[in-house]
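# Survey of secondary and tertiary structure
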There are 2 protein chains.
Amino acid sequence: MASLAVNQKSGEIIGITATKEENFPLWYQEVVVKAGMVEYYSEIAGLFVLRPLTMFIWSELRKWFQSHLDEMDIGEAAFPLFLSAKSLAKEQDHIEGFAPELAWVTRAGEKNLEVPVAIRPTSEAIMYPYFSKWIRSHRDLPLRLNQWNSVVRWETKQTTPFLRTREFLWQEGHTAHLTEEQAGIEVLEILELYAKLYEDILAVPVVRGRKTENERFAGGYYTMTLEGYIPSNGRGIQGATSHCLGQNFSKMFDISVEDPAGSGRIYAWQNSWAFSTRVIGVMVMIHGDNKGLVLPPRVAQTQVVMIPVGINKKTSTEDKDRLLDQLYDMRKTLRKAGIRVDVDTREGYTPAWKFNDWEMKGVPLRIEFGPKDASKDVVSYAIRHNNDKGTIRISELAPEATKLLDQIQKDMYDNASLAYSQHRKIITKWDEVIPALDSKNVLLIPFCLDGKCEDRIKQLTTKEDDAGDLGTASMGMKSLCIPLEQPGEIEKGQKCLNPECEKLAQKWTLFGRSY
Amino acid sequence: MASLAVNQKSGEIIGITATKEENFPLWYQEVVVKAGMVEYYSEIAGLFVLRPLTMFIWSELRKWFQSHLDEMDIGEAAFPLFLSAKSLAKEQDHIEGFAPELAWVTRAGEKNLEVPVAIRPTSEAIMYPYFSKWIRSHRDLPLRLNQWNSVVRWETKQTTPFLRTREFLWQEGHTAHLTEEQAGIEVLEILELYAKLYEDILAVPVVRGRKTENERFAGGYYTMTLEGYIPSNGRGIQGATSHCLGQNFSKMFDISVEDPAGSGRIYAWQNSWAFSTRVIGVMVMIHGDNKGLVLPPRVAQTQVVMIPVGINKKTSTEDKDRLLDQLYDMRKTLRKAGIRVDVDTREGYTPAWKFNDWEMKGVPLRIEFGPKDASKDVVSYAIRHNNDKGTIRISELAPEATKLLDQIQKDMYDNASLAYSQHRKIITKWDEVIPALDSKNVLLIPFCLDGKCEDRIKQLTTKEDDAGDLGTASMGMKSLCIPLEQPGEIEKGQKCLNPECEKLAQKWTLFGRSY
C-alpha cells in the first residue's frame, strides 16, 4: 500500500496512490508529476513541461558530459532546427526510419511555404553537407562536433514522460575520421562515458553491448548500446547509443579526402552518438518507491533537507528561535562543505507532513532537529532509499553527512546492480524462455545473430491469447544487445536457441521484453 | 583597403575583401563566415549554422549568466517547442505582435494534424497556464523560471547573421511577483546583469534605459533596455530587454492569489527578460576591423596563439625541435595560468600567412618565437586590436601575458565606450538633427514621450528623395530609449524637439537610426 499524505489545507491527497508493484505505469506517472519533475502539456498530447527538479538533473549531466567533450577537444555547434525534404532524401534507409514521425512546417504567418520544411528528428542530414564542405584534406580530420538541443519525433504510439515523448532534450555528437579504427575507438570511448554517466552519477547499472542487425541505427554500420533493466516489470530499456555510421553517409554526402598514402579518395568514417532526457526516466523507474521519487545524491538538487521537530504550543519563542538559529548555522556548515541543503521552515505543516513531502520529492537524506536532539548535541537523520535512521554529533556534521551521501550513492547503485544481475538469466532451453520472462528476467541466450530468426523469436514468444494488448505479460522478446562481456564462450556445436532455427549460435545475446 | 591573404595551395583569397568603411554590410557577412563563426544554411533562407567559435562565446555567456541565476535562486525549466492557436490567442496584443512570423506545423508524417500547432516565437503563452496552476497562494510567490532554448520567428525582412535570423538561441526568464515593487526590482537587477555581460565580458558599451510606449513589448507594461551603438554606420542597436509585464498576462491567464493582507484576490506582477545570440553580432560589428574578427579575451576560445618564426631551410632539425619544445613548455606554463593558448605548428604555411589567418579569427594576442627571440630569452608579441608590439621575458611569460590580456579587455571596452560617448549628441535645435544623424550620431533630444509625435519624428527625418530604400542614409530616426542616466534636468518650459509638437518635453530621449 502506498504512503498517503493529505494536504492539511485542501484535504487533497498529495502522496502517491498507485503502488509500484500493482500498477507500475500509473505509479510512474504519479511520481514524475507529484514529485514536481514534469507536467503533462495540456495543449498538445505527447509533450511535457520539464520543471526545475528535472532540469537540475539534466544540467548536472550536461556539465559532466561537456567537461569530457572539452577534454576530448570536441567542438560545440548549433545547426538549424529545420531541414528540407531534399537533404533528408539523400540517405534512403535513414529517411525511411524517420519519415513517419516528421513534423512538417508548411505555413509561416498567413502564407504557405513554397517548400515545406521538417523539424529535425536528428541532425545527420542537416550537418553532413557542412562536413562535406569543411573537410577538404585529411588534415581536417577528425572533425568532431556536438550539439545540445531538442528534437521532434511525432510519435503515434502511447507516450510516457522521459521515455517516449514527441520532443526531447539530448546531445548529439557527429564526427568524421580518416580510418575505421579511429572511428571505432571513439565509439567505445563515448559508450564508456555514457556508462559512467549511468553508473557513477545516476546509480543505474547498464550492460554494454552491440545491437544486432535488426536493431541498429537506420543507415548506420554498427550500433553500440547500453541496456538497462526495470526490475518492476522485468523489461529491458535502451539507455544510450553510440553509432559507427561507417562510410554510408560519407558516400551519400560526399565527405571525402585524398588518401594521404596516395591511393585515390577515401570516404570518411563517421560516428554519431546521443543520450537524452530518457536517462532521467530510467533512473526514476529504477530507484523510485511507493513513497515517490528517490534521487541519487549526485543529481539531487536538494541533497539534505533539515526539518525542525518537537516544537509545539508550549515551546517558547526563545527556544524556537534558538533551534532555528542552530539549524541555520548547520546549514551554513553543510553548504561550506559543498552539500546542497535546505531548511524547511514552512509554517502550518507538521513535521510528519513535511517528511512525506520531501520523501515524495526524493531527497536522499533528511535531518531532524528538535529540543531533544539539541540537548544531546546531535541531529537525527533518516535515509530516503532504505529508511535507515541514526544520529550524528553536531560537531561532526559536515564530514558525516558527506560520508552518508557517498554511501547512499554507492548503496543505491549496488542494490540496483544486484537486482539486474539476479535477473539476467542464462537460458539454454527453449521451454524455459517464457517462464523466465514471466519471472521478470532478461535472458542471455545462444543466438545465431540472424535477423529473420530474431523476428521469429519475437513472434514465438508473443502470447497469442492476448496478442494486440500492450501489456507486458503478452509481449514478445526482442534482442537488447550482444553484451561485450560474454558470460562465457559459446560451446562448439551449440545451436541457436530458437527451436526452428538450424544455425549455429554465434554469441550470447541479451533478449527481453523491452521498452 | 582590406588585408588580403591568399591560400598558398588554392590561390583562393581567404582574407576579408570588403572594408568596414566602404561596405559595412558586406564586410560583416565576410567576417562572420571567413572567421569561422557561421555558415549560411543553404537549405533554407534566414537560418545559420553556428560553429564552435560562436558556440564557445555563447557557452561562456551562458555559464556566466547561469551562475547569477543560481545565486538568485531562479529555477531552470524546459517548456515545449509548440503552442496551440488557442493559448496564443489569450493575449490579443501579444498574438498580434507575433502572428505574422509564426511557423505552423500542419502535418506529421503523412497525416494532417487535426489542429495545427505553432513553433514558439517566445514562451509567454506556453508557460503562463502553468504559472496559473502552480501559483495557489502568496507563498508560491515569487515564482521565477528561466529556460535556454531557441525560438523561431519567420522573418520576411532581410536576415543578417546573429542580428535578424529565423531561429536564434536565447534565454528567456519568466517570473511572477506579489507586488509591482518586487517585480520592478528584478527588472532592474536583470538589466544590470545584461549590462555587465555586454560591458565586462563582450567589451561593448551600452546605454541603460526605458523604452517609449511605441517601442515596448507587445502586451507588456514597460520595457527596460540596453542600447548599443555601431560606429561604422552610426546606428543604434537594441542589446537586450527586461520587461515588466504588469498584470496584463496574469489577468488573461488567471495567475492570482488571495491577498495576504486580506482584501480579495491579487493578480501577480510578471516580468519576462531575454538576451539572445544577437549580442555576439553586436560585438563583432563593434570590434571587428578590416583584417577580420577581433575578440575580447574573455570570450576568445583561443586567447593566445604562439607561432614559430625564423625557421628556414638552413635551420637544423635539432634547432627546430628545440624551438618547438620551448614553445610547448611555454604553452604548458600559460595553460597552467588559466590562459587558453594554442601553438600553430601547421606545415607548409609561412608565418605571415598564419599571422593573417589568426588575425582574421580575432585571436587577441599573438606570440612569435624564433631563434633570435630564443637567443635573448624573450618572446615577441603583437596585440590584435591595436597592433601594438613588444617582447616579454620568457621567465615572466605567464604574469605578463595575463596582464596584457586584462589590458586588452579594458582597452577594447574603453575605445568602444569613447566612440559611443563621442557620438551621443545632445541636440536642442531641429535643424541639427539630420546633419547629426548623417555624421553617424545618435541623439539625445528633449521629447514629449507621445507615441504619435514619435511616429511623426520618424517621418520627418526620413529622407524623401530615396524613401523606400533600405540604406542607412535615408532612414528616419526612432526612439532607442529614455536613458536612466539623463544628461541633465529638462529645463522648465522646454518644448519637445519636434517643431510641429506643442507639448512640453518630458525626458531626454535617445533617438537614432537603428537596427
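What comes next is a walk through the structure. On a predicted model such as this, the values are computed, not experimentally measured, just so you know. (Residues numbered from 1 in each chain as written. Chains lettered and ligands numbered in written order. Predicted model: local features only at pLDDT ≥ 70, side-chain atom pairs only at ≥ 80, totals over all residues. Heavy atoms only, no water.)

The next subject is the overall build of chain A. The secondary structure content of chain A amounts to 14 helices and 23 strands. A compact globule built from 515 residues would reach a C-alpha radius of gyration of about 24 Å, and chain A, at 26 Å, matches this within 12%. Looking at the 515 residues of chain A, the share that counts as buried comes to 57%. Sequence separation of at least 24 residues holds for 67% of the intrachain contacts in chain A that already meet a minimum separation of 6. Entry remark: accessible area of chain A is about 21900 Å², with carbon and sulfur atoms responsible for 48%. If you average the places of the 64 positive and of the 70 negative side-chain charges in chain A, the two averages end up 3 Å apart. (Helix = DSSP H or I, 4+ residues; strand = E, 2+ residues; numbered from the N terminus. Rg over C-alpha atoms; globule rule 2.2 N^0.38 Å. Buried < 20%, exposed > 50% of the residue type's maximum accessible area, 1.4 Å probe, protein only. Contact = heavy atoms within 4.5 Å. Areas by Shrake-Rupley, 256 points an atom, 1.4 Å probe, with all protein chains shown as cover. Lys, Arg positive; Asp, Glu negative; His and termini not counted. Charge placed at Lys NZ, Arg CZ, Asp CG, Glu CD.)

The subject of this paragraph is the packing of aromatic side chains. In this description, an aromatic ring pair is defined by two values, namely the gap between the centres and the angle between the planes. Residues and elements named next belong to chain B. Scanning the model with the defined rule gives 52 aromatic pairs over all chains in all. Taking the centre distance of 5.6 Å and the plane angle of 70° together, the rings of Y194 and F275 count as edge-to-face. Of the two residues, Y194 is situated in helix α6 (residues 180-201) and F275 in strand β14 (residues 269-276); the sequence distance between them amounts to 81 residues. In this structure, Y194 and F275 share a single accessibility class: buried. Above the face of the Y420 ring, R424 is positioned so that its terminal group lies 4.6 Å from the ring centre. (Phe/Tyr/Trp six-rings, centres within 6.5 Å; stacked < 30°, edge-to-face > 60°. Lys NZ or Arg CZ within 6 Å of the ring centre and 35° of its normal.)

Residue and element names in this part refer to chain B. Within the secondary structure, S380 is located in strand β18 (residues 378-383). Assessed through its relative accessible area of 18%, S380 is described here as buried. Of the polar contacts made by the side chain of S380, one reaches the side chain of D373; its length is 2.6 Å. Setting aside its immediate chain neighbours within four residues, S380 contacts R366, I367, E368, D373, G390 and T391. (Polar contact = N/O pair within 3.5 Å; in protein donor to acceptor, adjacent residues only side chain to side chain.)

On to the sheet that holds strand β16 (residues 341-343) of chain A. Think of a sheet as strands paired side by side through backbone hydrogen bonds, with each pair either parallel or antiparallel. Residues and elements named next belong to chain A. Strands sit in the order β16-β15-β17-β18-β19 across an open sheet of 5 strands; the sheet is mixed. Each edge of the open sheet carries a strand with a single partner, namely β16 and β19 (389-393). Across this sheet, the average inter-strand angle for adjacent strands is 25°, counted without regard to direction. In the sheet, strand β15 (residues 304-308) pairs with β16 via 3 bridges, with the strands oriented parallel. For V305, the partnering residue across the bridge sits in β16 and is D342. Strand contacts of helix α9 (residues 317-336): β15, β16, β17 (365-369) and β18 (378-383), with the helix running at about 170° to β15, the strand carrying the most contacts. (Pairing = 2+ DSSP bridges. Axes fitted to C-alpha atoms, helices over the stretch in contact; angles between N-to-C directions.)

Turning our eyes to something else, we now look at the sheet that holds strand β14 (residues 269-276) of chain A. Residue and element names in this part refer to chain A. Spatial strand order, β3-β7-β8-β14-β11-β10-β9-β22-β23-β21-β20: 11 strands in an open sheet with mixed pairing. In this open sheet, the two strands that pair with only one neighbour each are β3 (75-76) and β20 (424-426). Judged from the 2 bridges that link them, β3 and strand β7 (residues 143-152) form a sheet pairing that is parallel. When the sheet's bridge partners are listed, E76 is paired in β7 with N146. Of the strands in this sheet, β7, β8 (167-177), β9 (207-210), β10 (222-230), β11 (235-246) and β14 touch helix α6 (residues 180-201), which is tilted by about 10° from β14. Taken strand by strand, helix α8 (residues 278-287) contacts β10, β11 and β14, and its axis lies near 155° from that of β11.

All names here are of chain A. Side chains V207 and G209 of β9 all project onto a buried face; the interleaved residues R208 and R210 project onto a face where none is buried. In this sheet, strand β22 (residues 478-483) lies alongside β9 in antiparallel orientation, the contact comprising 2 bridges. Residue pairing for β22: G209 is matched across the bridge by P483.

Attention now goes to the pattern of salt bridges. Residue and element names in this part refer to chain A. Applying the stated rule across the entire model yields 60 salt bridges over all chains. We note a salt bridge from E60 to K63, for which the minimum N-O separation is 3.4 Å. With a gap of 3 residues between them, E60 and K63 both fall in helix α2 (residues 52-71), about one helical turn apart. On the basis of relative accessibility, which here comes to 21%, the residue E60 falls in the partly exposed class. Between R366 and E359 there is a salt bridge, with the nearest N and O atoms lying 3.0 Å from each other. Given the relative accessible area of 8%, R366 is considered buried. A relative accessible area of 13% means that E359 is categorised as buried. Salt bridges sharing partners connect three or more residues here, namely D344, R346, K354, D357 and K361. (Salt bridge = Lys/Arg side-chain N within 4 Å of Asp/Glu carboxyl O.)

This part is about the environment of L405(A). Residues and elements named next belong to chain A. Mapped onto the secondary structure, L405 falls in helix α12 (residues 397-422). For L405 and Q303, which are 102 residues apart along the polypeptide, the C-alpha to C-alpha distance reads 7.9 Å. Excluding residues within four positions of it along the chain, L405 makes contact with P297, Q303, V304, I339, P364 and L365.

This paragraph deals with the relation of the copies chain A and chain B. Once chain A has been moved 0.0 Å along the axis and rotated by 180°, it coincides with chain B to within an RMSD of 0.1 Å. The symmetry that links the two subunits is that of a two-fold axis. When C-alpha positions in chain A are compared against the rotation axis, the closest is assigned to V105(A), at 2.1 Å. Interface overlap between copies: 100% of the residues of chain A at the interface are likewise at the interface in chain B, consistent with a symmetric, same-surface contact. (Least-squares fit on C-alpha atoms with pLDDT ≥ 70 in both.)

Burial analysis of helix α5 (residues 124-134) of chain A places 8 of its 11 residues in the buried class, the great majority of the element. By the burial criterion, the buried members of α5(A) are E124(A), A125(A), I126(A), M127(A), Y128(A), Y130(A), F131(A) and W134(A).

Together, E318(A), D321(A), D325(A) and D329(A) give the surface a local cluster of negative charge. Relative to the assigned elements, D321(A) resides in helix α9. (Patch = residues over 30% accessible without salt bridge, like charges linked within 9 Å, V, L, I, M, F, W, Y side chains within 5 Å.)

Here the focus is the interface of chain A and chain B. The interface is formed by 53 residues belonging to chain A together with 53 residues belonging to chain B. Between chain A and chain B the total buried area reaches about 4500 Å² when both faces are included, carbon and sulfur atoms providing 58% of it. Scanning the region where chain A abuts chain B turns up 2 salt bridges. E39(A) is the salt-bridge partner of K133(B), the closest N and O atoms lying 2.8 Å from each other. The interface formed by chain A and chain B holds 23 residue pairs in polar contact (both at pLDDT 80 or more) in total. Broken down by element, the residue count for the side of chain A that touches chain B peaks at 6 residues, all from strand β5 (residues 103-108) of chain A. Within the side of chain A that touches chain B, the residues separate by chemical class into 34 nonpolar, 7 polar and 12 charged. (Buried area = accessible area lost by both parts, 1.4 Å probe. Nonpolar A, V, L, I, M, F, W, Y, C, P; charged D, E, K, R; others polar.)

Attention now goes to the environment of G75(A). Within the secondary structure layout, G75(A) lies in strand β3. Along the backbone, G75(A) and E192(A) are 117 residues apart, and their C-alpha atoms lie at a distance of 19 Å. When sequence neighbours within four positions are dropped, the list of residues in contact with G75(A) reads R144(A), L145(A), N146(A) and P52(B).

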